Amino acid sequence: MIPTTPDELWQRACALKDLSLAQLAQALDQRLPEQPQQAKGWIGQLLELALGASAGNLAKPDFMHLNIELKTLPISLRGDPMETTYVCHAPLRPNPQETWEQSVVYQKLQHVLWIPIITDHKQAFAERTIAQPILWQPNASQLNILKQDWQELMDMIVMGDIESIDAKMGEYLHIRPKGANAKSLTIGHNTLGMSFKTLPRGFYLRTDLTKQILHTC
DNA sequence: ATTTGATCATGT
DNA sequence: ACATGATCAAAT
């Protein structure tokens with residue numbers, strides 16, 4: 001079940017093109033959610049199952065041995081991304097010495113298998129279909145912007161300035177809350193070791209970047 | 001409580 | 001219309 005090579009993963013992903021969620025769920029013996037709005041990660045998990053992703057909820061690329069991350073991406077009928085894309089948890093007590101190349105963001109984004117899902121809210125959830133997959137690696141320009149965004153945001157977290165970060169910062173990569181709700185709090189630390197309660201955060205990719213990816217690959 | 005999978009829904 | 005801030009579910 002676990003793909004051995006990137007090519008095997010790619011072939012398997014391509015074979016899913018044009019399948020509806022209903023068809024894929026049936027093939028995998030999975031039940032479609034009755035309330036899709038209460039099963040937000042369901043499509044991503046279905047694709048993990050279909051393709052043999054192995055990392056579970058570890059902070060690692062889904063296909064650890066291939067260093068490839070799997071991401072589903074809802075797209076409109078026009079082919080544009082409909083949502084930002086969650087990357088990973090944002091550390092609130094970061095190691096100030098960590099470099100961009102060592103970061104989980106970089107590890108995950110250096111190679112991504114995108115599975116676009118054609119999403120039309122006028123049609124039934126089960127009839128959403130899988131579009132052509134894209135195997136992407138950031139180009140030099142994209143990588144530079146991602147690195148700058150990451151460094152700017154991480155510098156603020158290290159300084160203990162998490163509360164002054166908002167989602168408007170960052171050209172491609174930004175930080176937003178990532179918790180059960182606005183009441184769930186976690187502990188942040190600044191560089192002096194002082195701790196405080198704050199919302200859990202996550203890194204997300206803006207649609208500006210995913211739109212580029214969809215239209216240039 | 002944390003991290004994964006994300007999308008929902010309100011405010012601008 | 002769109003992005004930001006809020007939220008839902010499962011695994012550990």
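Summarised in this report is the structure supplied together with it. If you're wondering where the values come from, they're calculated on a predicted model, not measured in any experiment. (Residues numbered from 1 in each chain as written. Chains lettered and ligands numbered in written order. Predicted model: local features only at pLDDT ≥ 70, side-chain atom pairs only at ≥ 80, totals over all residues. Heavy atoms only, no water.)

Here the focus is the protein's contact with DNA strand B. Lining the immediate surroundings of DNA strand B are 24 residues, of which Asn 57, Tyr 86, His 89, Lys 178 and Tyr 204 lie closest. Of what DNA strand B places within 4 Å of the protein, 62% of the atoms are sugar or phosphate. One of the side-chain nitrogen or oxygen atoms of Lys 40 is found 3.1 Å away from a base oxygen of DNA strand B. Within the contact set of DNA strand B, a base nitrogen lies 3.2 Å away from a backbone nitrogen or oxygen of Gly 41. For the surface near DNA strand B, the secondary structure elements donating two or more residues are helix H3 (42-51), strand E1 (69-75) and strand E2 (85-89). In terms of residues, the surface near DNA strand B owes the most to one element, E1, which gives four residues. Of the residues in the surface near DNA strand B, the class split is six nonpolar, nine polar and nine charged. (Near = heavy atom within 4 Å. Polar contact = N/O pair within 3.5 Å; in protein donor to acceptor, adjacent residues only side chain to side chain. Helix = DSSP H or I, 4+ residues; strand = E, 2+ residues; numbered from the N terminus. Nonpolar A, V, L, I, M, F, W, Y, C, P; charged D, E, K, R; others polar.)

Another aspect to go through is the pairing of strand E3 (residues 112-118). Of all seven residues in E3, six are buried; the element is thus mostly enclosed. As paired elements, E1 and E3 share seven bridges and run parallel to each other. Paired with Thr 72 across the two strands is Ile 115, which belongs to E3. Strand direction decides the pairing type here: E3 and strand E5 (residues 134-136), joined by three bridges, are antiparallel. (Buried < 20%, exposed > 50% of the residue type's maximum accessible area, 1.4 Å probe, protein only. Pairing = 2+ DSSP bridges.)

It is worth spelling out the nonpolar core at this point. Residues Val 105 and Phe 203 are the most contacted members of the largest nonpolar core, which totals 32 residues. The greatest single-element share of this core, amounting to seven residues, is contributed by helix H5 (residues 140-158). Non-local contacts of Val 105, meaning those with residues more than four positions away in its chain, are made with Val 87, Cys 88, Trp 100, Trp 150, Leu 173 and Phe 203. Membership of the second largest hydrophobic core comes to 22 residues, among which are Trp 42, Leu 47, Ala 50 and Leu 113. (Core = buried A, V, L, I, M, F, W, Y, C linked by side-chain atoms within 4.5 Å. Contact = heavy atoms within 4.5 Å.)

What follows deals with the sheet that holds strand E9 (residues 201-205). The strand order E2-E9-E6 describes an open sheet built from three strands, whose pairing is antiparallel. At either end of the open sheet lies a strand with only one pairing partner, and these are E2 and strand E6 (173-177). With strand direction ignored, the average angle separating the axes of adjacent strands in the sheet is 40°. (Axes fitted to C-alpha atoms, helices over the stretch in contact; angles between N-to-C directions.)

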